[in-house]
Amino acid sequence: MEELDRSRAFAKDVKRIVVKVGTAVVTGKGGRLALGRLGALCEQLAELNSDGFEVILVSSGAVGLGRQRLRYRQLVNSSFADLQKPQSELDGKACAGVGQSSLMAYYETMFDQLDVTAAQLLVNDSSFRDKDFRKQLNETVKSMLDLRVIPIFNENDAISTRRAPYQDSSGIFWDNDSLAALLALELKADLLILLSDVEGLYTGPPSDPNSKLIHTFIKEKHQDEITFGDKSRLGRGGMTAKVKAAVNAAYAGIPVIITSGYSAENIDKVLRGLRVGTLFHQDARQWAPITDSTARDMAVAARESSRKLQALSSEDRKQILYNIADALEANEKTIRDENELDVSAAQEAGFEESLVARLVMTPAKISSLAASVRKLADMEDPIGRVLKKTEVADGLVLEKTSSPLGVLLIVFESRPDALVQIASLAIRSGNGLLLKGGKEARRSNAILHKVITDAIPETVGGKLIGLVTSREEIPDLLKLDDVIDLVIPRGSNKLVSQIKNTTKIPVLGHADGICHVYVDKSCNLDMAKRIISDAKLDYPAACNAMETLLVHKDLEQNGLNELIFVLQSNGVTVYGGPRASAILNIPEARSFNYEYCSKACTVEVVEDVYGAIDHIHRHGSAHTDCIVTEDTEVAELFLRQVDSAAVFHNASTRFSDGARFGLGAEVGISTGRIHARGPVGVEGLLTTRWLMRGKGQVVDGDNGIAYTHQDIPIQS
């Protein structure tokens, strides 16, 4: 599946399109028309015309077609003796005249079959020097487009004042590529598509296996890197001419796509925002780095920027977060446009509803993110707080202070809102950050990263937060234990295990969120129904959603069915453990060690609170577990003995969240025991430093110094 590209978001606003089809696409071997390709092209254009697009076609191929026909006529009219003589080169202008009428006849025949009217417009370079001509051109084309007529342009080579077709590149336009670019500008098109015989612009000749397709052309980066091959085998320009025309149009404000005319669906794919061909756009520089950075470069830049961040005053660091919150709200439409491309791609790919739900960025979610960033800014500055103060000896004072960890590498799931939370926490805690999000959220992550880094002052630098765009970069980053201080993977067991096994860098995080709610015999049943409903349905895809419901055996006859009904009536698919499936006549769960992340869960009946605790320890993930009971002794037993990061009494598991805990946001939830556990907010991203202030004291074998080791009160 072609990927939707955030830089192609303009496609959804396109109305007027100029399509230029090259000679190599129009003709096949021997110069004959490639009727199959030409027919497929006409079908695409007819469909666009029917859908309300204004389509303008610029077609090459006339000279090649005319040459083929005149050679045939020359052969028919030659004697055997004539054929023994060297054949003179055919006049290019004559070829153009013969070929143009033939080419137009083919277009008219094909469009007639599709119930579309086409019109031929032949233009010369000199005509565009005349203001009245340009005005009349616009009026004529507008009238045609209003009538759903497709204008077909070509240079009138037969009577052109050029020395010969393909040999004179002077003038306002010099081939059909530059004519197409000129028409796109003159007729105020929204998009120019140049159809070629290759997929797009490559770093070298397409036949070279080392050449790579350039998805977005960045003039400052690519103009000196590209090696062009031979010019077109049939037309006059080839890729060099296309690139020149594309750059001219793009930097004048017309987006341009160079793509293959051999694929029948490429024009449709371009208009759907799919990543096909090479894009030329005046804003391309903003969408991709001009120079490539290595993994080490990114990490070192993040560390250097983090030190600049730490050097700012507390108020200045606060202001950065306020600016980010404002930027999120100001760019809501742009963020949602990019996010919609991700969501559409996920839906087209048939991803599960739960994954699609994680992707969606609603206005309410963006507003909530901005609010959480502001709340984080308003919290006490975590950097440089004195945690302990000790008089080591007379006049020698030691302080234990909070300090940023350094550089964090966070690999997170396809939840673009996580990027905002993580980035804001990193800034508040003074850390540098490298982010790798799920590919399903690629466009959303990219625009959010841009919005956030644009809000960071130049004194710190946008490289404080690096966005890793390729999975292939992760192994190199995991080797940088001298630069990166902590890795936080958020995802599957497989991902976490892979990272732990391939790095020396400390790893913090959790693999699964298999959260339990145990409903004890002494519960308030109405409360239990509210809690399990919220724990499962508030956000089924979240890691703190209930995945297993445990029910005391005494509720089998009075209570169990009511609990199950609450879930099933709200669309939850319920699977049972061996005991529950027999009682309720429901399908048996494949495993208790399973995180559904959807509107599904497992239910099992247990003997008592000890049975529930044992089940949780055997099958849980040490994330968040809850007991619903009115018996305080049973509740305290559960709270003390369940060995999970978060354990609740009479409260939904959905409260296990950094923002809901008052941490402002969370970088993730840790189910490990070192160095942070549960929702990891700012404090989990800090370490400590020791600061000592003396008056010239030396150790000297501990002679002559009297240690006092007295605690000194910390002044707030």
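Conventions and cut-offs
- Residues numbered from 1 in each chain as written.
- Predicted model: local features only at pLDDT ≥ 70, side-chain atom pairs only at ≥ 80, totals over all residues.
- Heavy atoms only, no water.
- Helix = DSSP H or I, 4+ residues; strand = E, 2+ residues; numbered from the N terminus.
- Buried < 20%, exposed > 50% of the residue type's maximum accessible area, 1.4 Å probe, protein only.
- Contact = heavy atoms within 4.5 Å.
- Areas by Shrake-Rupley, 256 points an atom, 1.4 Å probe, with all protein chains shown as cover.
- Pairing = 2+ DSSP bridges.
- Axes fitted to C-alpha atoms, helices over the stretch in contact; angles between N-to-C directions.
- Salt bridge = Lys/Arg side-chain N within 4 Å of Asp/Glu carboxyl O.
- pLDDT = per-residue confidence, 0-100.
- Left-handed = near helix turned anticlockwise from the far one by under 90°.
- Nonpolar A, V, L, I, M, F, W, Y, C, P; charged D, E, K, R; others polar.
- Patch = residues over 30% accessible without salt bridge, like charges linked within 9 Å, V, L, I, M, F, W, Y side chains within 5 Å.
- Lys, Arg positive; Asp, Glu negative; His and termini not counted.
- Charge placed at Lys NZ, Arg CZ, Asp CG, Glu CD.
- Polar contact = N/O pair within 3.5 Å; in protein donor to acceptor, adjacent residues only side chain to side chain.
- Core = buried A, V, L, I, M, F, W, Y, C linked by side-chain atoms within 4.5 Å.
- Phe/Tyr/Trp six-rings, centres within 6.5 Å; stacked < 30°, edge-to-face > 60°.
- Parallel < 35°, antiparallel > 145°, perpendicular 65-115°, else oblique.

> Is there a simple way to think about the overall build of the protein chain in this case?
Within the protein chain, the regular secondary structure consists of 25 helices and 24 strands. Looking at the protein chain as a whole, 55% of its 716 residues are labelled buried. By sequence separation, contacts in the protein chain at least 24 residues apart represent 74% of the contacts at least 6 residues apart. Of the roughly 32,500 Å² of accessible surface on the protein chain, a fraction of 48% belongs to carbon and sulfur atoms.

> Which parts of the structure should I look at to understand the sheet that holds strand S16 (residues 546-552)?
Strand pairs in the sheet, formed through backbone hydrogen bonds, run parallel or antiparallel to each other. Pairing is parallel across the open sheet formed by six strands, whose spatial order is S17-S18-S16-S15-S19-S20. The two strands at the open ends of the sheet, each matched to only one other strand, are strand S17 (573-576) and strand S20 (646-649). Pairwise comparison of adjacent strand axes, ignoring direction, gives a mean angle of 20 degrees for this sheet. Strand direction decides the pairing type here: strand S15 (residues 515-519) and strand S19 (residues 624-628), joined by four bridges, are parallel. For His-516, the partnering residue across the bridge sits in S19 and is Asp-625. Sheet contacts for helix H25 (residues 632-641): S15, S19 and S20; angle to S20, the most-contacted strand, approximately 175 degrees.

> Sorry, what's going on with the pattern of salt bridges here?
Between side chains of opposite charge, pairing is possible as soon as their charged atoms come close. As enumerated under the stated definition, the model contains 32 salt bridges in all. For Glu-399, the salt bridge is made with Arg-693, and the minimal N-O distance between the two is 2.9 Å. Here the residue Glu-399 occupies a position in strand S10 (residues 396-404), and Arg-693 occupies one in strand S23 (residues 686-693), the gap between them amounting to 294 residues. By relative accessible area, Glu-399 is classed as buried at 10%. Salt bridges linked by common partners bring Lys-553, Glu-556, Arg-579 and Glu-607 together as one network.

> When you look at the pairing of S10 in this model, what are you seeing that I'm missing?
Across a regular strand the side chains alternate sides, sitting on one face of the sheet and then on the other. Counting buried positions over the nine residues of S10 gives seven, a clear majority of the element. Sheet analysis places strand S9 (residues 386-393) next to S10, joined by six bridges and oriented antiparallel. Opposite Glu-391, over in S10, you have Val-397 as the bridge partner. Where S9 folds back onto S10 in an antiparallel hairpin, the turn is made up of two residues, including Gly-395, whose phi is positive at roughly 80 degrees.

> Hey, could you run me through the confidence of the model for the protein chain in this one?
Note that predicted coordinates carrying low pLDDT should not be read in detail. Here the protein chain averages 87 in pLDDT, and 90% of its residues register 70 or above. The weakest mean pLDDT in the protein chain belongs to helix H4 (residues 80-84) at 60; the strongest belongs to S15 at 98. Contacts of residues 230-237 to residues separated by more than four positions or lying in other chains number 21 contacts, the stretch itself having pLDDT below 50.

> Looking at this structure, I do not really get the packing of helix H21 (residues 525-537) against helix H22 (residues 560-568). What am I missing?
Axes are the key here: two packed helices are described by the angle between their axes and the distance separating the axes. At a closest axis distance of 10 Å, the pairing of H21 and H22 adopts a crossing angle of 35 degrees. The way H21 lies across H22 gives a crossing that is right-handed. Along the contact surface, H21 presents Leu-525, Ala-528, Lys-529, Ile-532, Ser-533 and Lys-536, while H22 presents Glu-562, Leu-563, Val-566 and Leu-567. Here the residues of the contact of H21 with H22 are counted per class, giving six nonpolar, one polar and three charged.

> Before we go on, may I ask you to explain a negative patch on the surface in this structure?
A surface patch of like charges, here negative, comprises Glu-43, Glu-47, Asp-51 and Glu-265. On the secondary structure map, Glu-47 appears in helix H2 (residues 35-50). Taking the relative accessible area as the measure of exposure, Glu-47 reaches 52% and is therefore exposed.

> Please explain helix H7 (residues 176-186) as it appears in this structure.
An α-helical segment advances 3.6 residues per turn. Residues three or four places apart therefore align on the same side. Burial analysis of H7 places ten of its eleven residues in the buried class, which makes it a mostly covered element. Along H7, the positions that sit buried rather than exposed are Asn-176, Asp-177, Ser-178, Leu-179, Ala-180, Ala-181, Leu-182, Leu-183, Ala-184 and Glu-186. Where H7 begins, the capping side chain belongs to Asp-175, and its oxygen is found 3.2 Å from the backbone nitrogen of Asp-177. Within two residues after H7, Lys-188 carries a phi angle of roughly 55 degrees, on the positive side.

> Got a minute to help me understand unusual backbone geometry in this structure?
Here Lys-188, not a glycine, exhibits a phi torsion of approximately 55 degrees, which is positive. Mapped onto the elements of the fold, Lys-188 is located in the loop between H7 and strand S5 (191-196). Relative accessible area serves as the criterion here: at 64%, Lys-188 is assigned to the exposed category. The phi dihedral of Ala-622 falls on the positive side, at around 60 degrees, and the residue is not glycine. As for its placement among the helices and strands, Ala-622 is situated in the loop between helix H24 (609-619) and S19.

> Whenever I open this one, the nonpolar core confuses me. Can you help?
Within soluble globular proteins, side chains that are nonpolar generally end up buried alongside one another. Within the largest apolar cluster, 50 residues are counted, with the highest numbers of intra-cluster contacts made by Ile-324, Leu-328, Ile-410, Ile-427, Leu-433, Leu-435 and Ile-465. For this core, the secondary structure elements donating two or more residues are helix H13 (314-330), helix H16 (363-378), strand S11 (407-411), helix H17 (416-428), strand S12 (432-436), helix H18 (442-454), strand S13 (465-467) and strand S14 (486-489). With eight residues, H17 is the single largest residue contributor to this core. Leu-328 has contacts with Ile-335, Ile-366, Leu-369, Ala-370, Val-373, Val-420, Leu-448 and Val-451, leaving out every residue within four places of it along the chain. Ile-56, Leu-192, Val-198 and Ala-249 belong to the second largest nonpolar core, which has 40 residues in total.

> What am I meant to see in the sheet that holds strand S1 (residues 16-21) here?
Spatial ordering of the open sheet is given by S3-S4-S2-S1-S5-S7-S8-S6, a layout of eight strands whose pairing is mixed. Every interior strand has two partners, whereas the edge strands, strand S3 (118-123) and strand S6 (216-217), have only one. Against the sheet, helix H5 (residues 92-113) touches S1, strand S2 (54-59), S3 and strand S4 (150-155), its axis set at about 155 degrees to S3. Relative to the sheet, helix H6 (residues 131-146) contacts S1, S2, S3 and S4, its axis offset from that of S4 by approximately 145 degrees.

> Even after reading the chapter, I still don't get the packing of aromatic side chains, so can you show me in this structure?
The geometry of an aromatic ring pair comes down to the distance between the two centres and the angle between the two planes. For the structure on display, the rule yields seven aromatic pairs. Consider the rings of Tyr-107 and Phe-111, whose centres lie 6.3 Å apart with planes at 20 degrees: the pair is stacked. Here the residue Tyr-107 and the residue Phe-111 both occupy positions in helix H5, the gap between them amounting to four residues, near one helical turn. Take Tyr-107 and Phe-111: they sit in the same class, and that class is buried.

> Is there a simple way to explain the packing of H2 against H5 in this structure?
Contact pair H2 / H5: the axes reach a minimum separation of 10 Å and the direction vectors enclose 55 degrees. As judged from the angle between their axes, H2 and H5 are oblique. You can see that H2 and H5 cross each other, and the crossing is right-handed. Together, Leu-35, Leu-38, Gly-39, Leu-41, Cys-42, Leu-45 and Ala-46 of H2 and Tyr-106, Tyr-107, Met-110 and Phe-111 of H5 make up the contact between the two elements. Grouping the amino acids of the contact of H2 with H5 by side-chain chemistry returns ten nonpolar, one polar and no charged.

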